[in-house]
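An overview of the molecular structure
Given next are the chains, with one letter for each unit.
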Amino acid sequence: MNNLSPPMRSLEARYYTDAAIYKAELLGVLAQTWQFAGHASQLNKPGDYFCFDIAGESLFCIKTKENEIKGFYNVCQHRAHQLLKGDGNTALLVCPYHAWSYELSGQLRSGPNIKSVPGFDKQSICLTEIRIEIFCGFLFANLDPLAKPMAEWYPNVAEELSAFVPDLERLEPIEWVEVPEHCNWKVSVENYSECYHCQLNHPTFANGIVKAKTYDIQPQGYCLRHTTECQNLDKMSYPIDVNANEFAGHYSSWFLWPMMSFQVYPGNILNTYHWRPVDHENVILYRGWFGTSDSDKSTLHELAVQDRETTVAEDIQLVESVQRGLNSRGYVPGPLVVDPKCGVSSEHSIKVLQGWIRESVNV
Ligand code: FES
Ligand SMILES: [Fe+2]
C-alpha cells in the first residue's frame, strides 16, 4: 500500500483575489511584521524626516535632537489631521490644521489657546510611536509594539550581509526603480521566491550571473536565503576584482518575510526589492541600488536599467498572467513541485512561504 501523503497543493485562489483577505492582512500580517521604511542615510541631521505607508497607515521617521531615529504614526493628537508630507527637515512638527506643535521627540510643545483650558495636561500628549529598528543601515518599522527583534526573525542575516558587503554601513541609495504590478503582493513575492521559472523566462539572469543549476533557496528563520554559484565573472558587464575580499566573487540574497529582500551581486553590489501593496490586486515593487560616495554610479545605473529591462520586465508578464488566472473559474490549485533534494527545479521554498501565508491569514 502507498503511505505517501498527497503532494501539497498551492494556496486557494481566494488568498490572492479576495478583498476581505487583504483587509484582514492590513490588520494582521502587514501590521505585525518588520517592513522596510527607508535608509538611515535619509536622516542625516536632527529634524530630517521622511513619510512612508505600511498596512494602510501613514507613518514617518525622524531624527531627534539627541540624534536618535524615531518613528510615529503621521497623525495629530488633537483632531487627527495629517502632520507631515514627503520628506524634509523641520525644527518642530507643526500641524497644518490648528497649529499644535510637537517636539521632534513627539511630545506636545504648544497650541493656540490651550492654556485657557482648565486642567489641560500638555505632558500627557505625545504622538503615537512605532517600533523602528536599524538593520545594517536600513530602517525597518513594525506596528506591533510586542514584535520580537529582527535578529530573532531573521537569524544570522545581519552578520552574513555585513560579510558580503564590507561597506554596508557607508551605503546610500543611488538608484530607485518603481515597478507597478497588477497582481496581489503575494503573487509577486512567490514569484521572487522560486527559480523553477528562471531557465525558461530569465535568459539574462539564468545564463548571465548565476549558474542556474546550482541555485537553491532555504529557510533561515523567517528569511528565505538564496544561494548560487556564479558563471565566469570575467564575462560580467562590469569589472569585478574577485580578490578584493572574501565574498567579492559571490551572489546571494536574503528575502525577509513578508516584503523585503537584500541581494548582493558579485563585486559586493547591494540591491534591494521591497513591495508596497496598493490593494488586493495591485502592488508596487521597488528596486533599490546602493553604493558609497566613491562607487561607480554609472555601473549601478546600467545595472538598474538592464535589470528593469530584463528580469523585472519578464516577471511583470508572469505575475500579471498569474493574477488573471487566479480570477478564472477554471483554476484548481495545483500540486507544488517539491523535490526532496531541493535545488533550482523545486518549489520547496514556495511550500515554506505558503506556510507563512497560511499561518498569517486565519480567514
Ligand atoms: S488636528 Fe492638528 S492641530 Fe488640530
Ligand atoms: Fe522571476
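From a predicted model like this one, the values you see are computed outputs, not experimental measurements.

1. Looking at the overall build of the protein
- Looking only at helices and strands, the protein has 9 helices and 17 strands in total.
- The C-alpha radius of gyration computed for the protein amounts to 22 Å, which stays within 12% of the reference 21 Å derived for 363 residues, consistent with globular compactness.
- Seen through its principal axes, the protein has C-alpha atoms that stretch 80 × 50 × 35 Å.
- Residue pairs at least 24 apart in sequence account for 60% of intrachain contacts in the protein once pairs closer than 6 positions are excluded.

2. Here's the deal with the sheet that holds strand 15 (residues 260-265)
- With antiparallel pairing, the 7 strands of this open sheet are ordered in space as 11-17-16-15-14-13-12. What marks the edges here is a single partner per strand, and that holds for strand 11 (172-181) and strand 12 (216-220). Between one strand axis and the next, the sheet turns through 20° on average, direction left out of account.
- In this sheet, strand 17 (residues 282-291) lies alongside strand 11 in antiparallel orientation, the contact comprising 9 bridges. In the sheet register, Pro180 faces strand 17, and the bridge partner there is Ile284.
- Running at roughly 150° to strand 14 (residues 251-256), helix 4 (residues 157-164) makes contact with strand 12, strand 13 (223-228), strand 14 and strand 15 of the sheet.

3. Here we look at helix 4
- Taken together, the buried positions of helix 4 are occupied by Val157, Glu160, Leu161 and Phe164. Taken end-on, helix 4 shows its buried residues confined to a sector of 95°, consistent with a single buried face.
- Buried residues along helix 4 sit against strand 12, strand 13, strand 14 and strand 15.

4. Comments concerning the pairing of strand 3 (residues 57-63)
- Counting buried positions over the 7 residues of strand 3 gives 5, a clear majority of the element.
- Between strand 2 (residues 48-54) and the antiparallel strand that follows it, strand 3, lie 2 residues; Ala55 among them carries a positive phi value of about 55°.
- Bridge count between strand 3 and strand 4 (residues 69-73): 5 bridges; the pairing is antiparallel. Of the residues in strand 4, the one forming a bridge with Ile62 is Lys70.
- Where strand 3 folds back onto strand 4 in an antiparallel hairpin, the turn is made up of 5 residues, including Asn67, whose phi is positive at roughly 65°.

5. Re the environment of Ser360
- Relative to the helices and strands, Ser360 is located in helix 9 (residues 348-360).
- A sequence separation of 135 residues divides Ser360 from Arg225, and the C-alpha atoms of the two residues are 20 Å apart.

6. With respect to the sheet that holds strand 7 (residues 101-102)
- With antiparallel pairing, 3 strands are arranged side by side in an open sheet as 6-7-8. Edge strands, defined here as strands with exactly one partner in the open sheet, are strand 6 (93-94) and strand 8 (108-110).
- Direction of pairing for strand 6 relative to strand 7: antiparallel, over a ladder of 2 bridges. Across the sheet, residue Leu93 finds its bridge partner in strand 7, namely Tyr102.

7. Some remarks on helix 9
- Compared with the 18 Å implied by 1.5 Å per residue over 13 residues, the 19 Å span of helix 9 between its first and last C-alpha is a close match.
- Taken together, the buried positions of helix 9 are His348, Ser349, Ile350, Leu353, Gln354 and Ile357.

8. As for the pairing of strand 1 (residues 35-39)
- Judged by how many residues are buried, strand 1 sits mostly within the fold: 4 of 5 residues are covered.
- Inspection of the sheet shows strand 1 paired to strand 10 (residues 138-142) by 4 bridges, in the antiparallel sense. Bridge assignment links Phe36 to a residue of strand 10, and that residue is Phe140.

9. Overview of the nonpolar core
- Core analysis: the largest hydrophobic core is formed by 80 residues, its most contacted members being Cys61, Phe140, Leu161, Cys223, Leu256 and Val264.
- Of the domains in this structure, domain 1 (35-142) and domain 2 (165-360) are the two that each give at least three residues to this core.
- Setting aside residues no more than four positions away along its own chain, Leu161 makes contact with Cys136, Leu168, Trp254 and Phe262.

10. Focus on the environment of His301
- As for its position among the elements, His301 is in helix 8 (residues 297-326).
- Here the alpha-carbon distance between His301 and Lys148, two residues 153 residues apart in the chain, equals 36 Å.

11. With respect to the packing of helix 5 (residues 185-192) against helix 8
- Remark: helix 5 packs on helix 8, axes separated minimally by 10 Å, with the N-to-C direction vectors making an angle of 130°. Judged by the inter-axis angle, helix 5 sits oblique to helix 8. For the crossing formed where helix 5 meets helix 8, the hand is right-handed. The residues of helix 8 that touch helix 5, namely those facing Val187, Ser188 and Asn191, are Asp315, Leu318, Val319, Val322 and Gln323.
- When grouped by side-chain class, the residues that make up the contact of helix 5 with helix 8 number 4 nonpolar, 3 polar and 1 charged.

12. Description of the domain arrangement of the protein
- When its domains are assigned, the protein resolves into domain 1 (35-142) and domain 2 (165-360).
- Once you take the C-alpha centre of each, domain 1 and domain 2 turn out to be 33 Å apart.
- Taken together, the contact between domain 1 and domain 2 spans 7 residues of the former and 9 residues of the latter.
- No other element matches the 3 residues that strand 1 contributes to the side of domain 1 that touches domain 2.
- The residue inventory of the side of domain 1 that touches domain 2, partitioned by class, reads 2 nonpolar, 4 polar and 1 charged.

Here is what the cut-offs are and how they apply
- Each chain carries its own residue numbering, running from 1 in the written order of its sequence.
- Ligands are numbered from 1 and chains lettered from A, in the order in which they are written.
- Only residues with pLDDT of at least 70 are given local features in this predicted model, and only at 80 or more are side-chain atom pairs given and counted; all residues enter the totals for whole chains, interfaces and linings.
- Only DSSP runs of H or I reaching four residues or more are called helices, and only runs of E reaching two or more are called strands; each is numbered from the N terminus.
- The reference for a compact globule is 2.2 Å times residues^0.38; the radius of gyration itself is calculated from the C-alpha atoms.
- Placing a C-beta atom from the backbone of each residue, one calls two residues in contact when those atoms lie within 7 Å.
- Strands were regarded as paired on the criterion that DSSP finds at least two bridges between them.
- Where helices are involved, their axes are fitted lines through C-alpha atoms of the stretch in contact, as for all axes, and angles between N-to-C directions lie from 0 to 180°.
- Residues with at least 20 other C-beta atoms within 10 Å of their own are called buried, those with 12 or fewer are called exposed, and the rest are partly exposed. The C-beta atoms themselves are positioned from the backbone.
- When we speak of the arc, we mean the arc of directions from the helix axis to the C-beta atoms.
- Here a helix's expected span is defined as the number of its residues, less one, multiplied by 1.5 Å.
- Here a nonpolar core is just a set of buried residues of the types Ala, Val, Leu, Ile, Met, Phe, Trp, Tyr and Cys, joined wherever their C-beta atoms sit within 7 Å.
- For the domains described, the bounds stem from an automatic or database domain assignment.
- Our angle categories are set so that under 35 degrees counts as roughly parallel, over 145 as roughly antiparallel, 65 to 115 as roughly perpendicular, and the remainder as oblique.
- Two helices cross in a left-handed way if the nearer one is turned anticlockwise from the farther one by less than a right angle. They cross in a right-handed way if the turn is clockwise.
- Polarity classes work like this: nonpolar for Ala, Val, Leu, Ile, Met, Phe, Trp, Tyr, Cys and Pro, charged for Asp, Glu, Lys and Arg, and polar for all others, with Gly in that last group.

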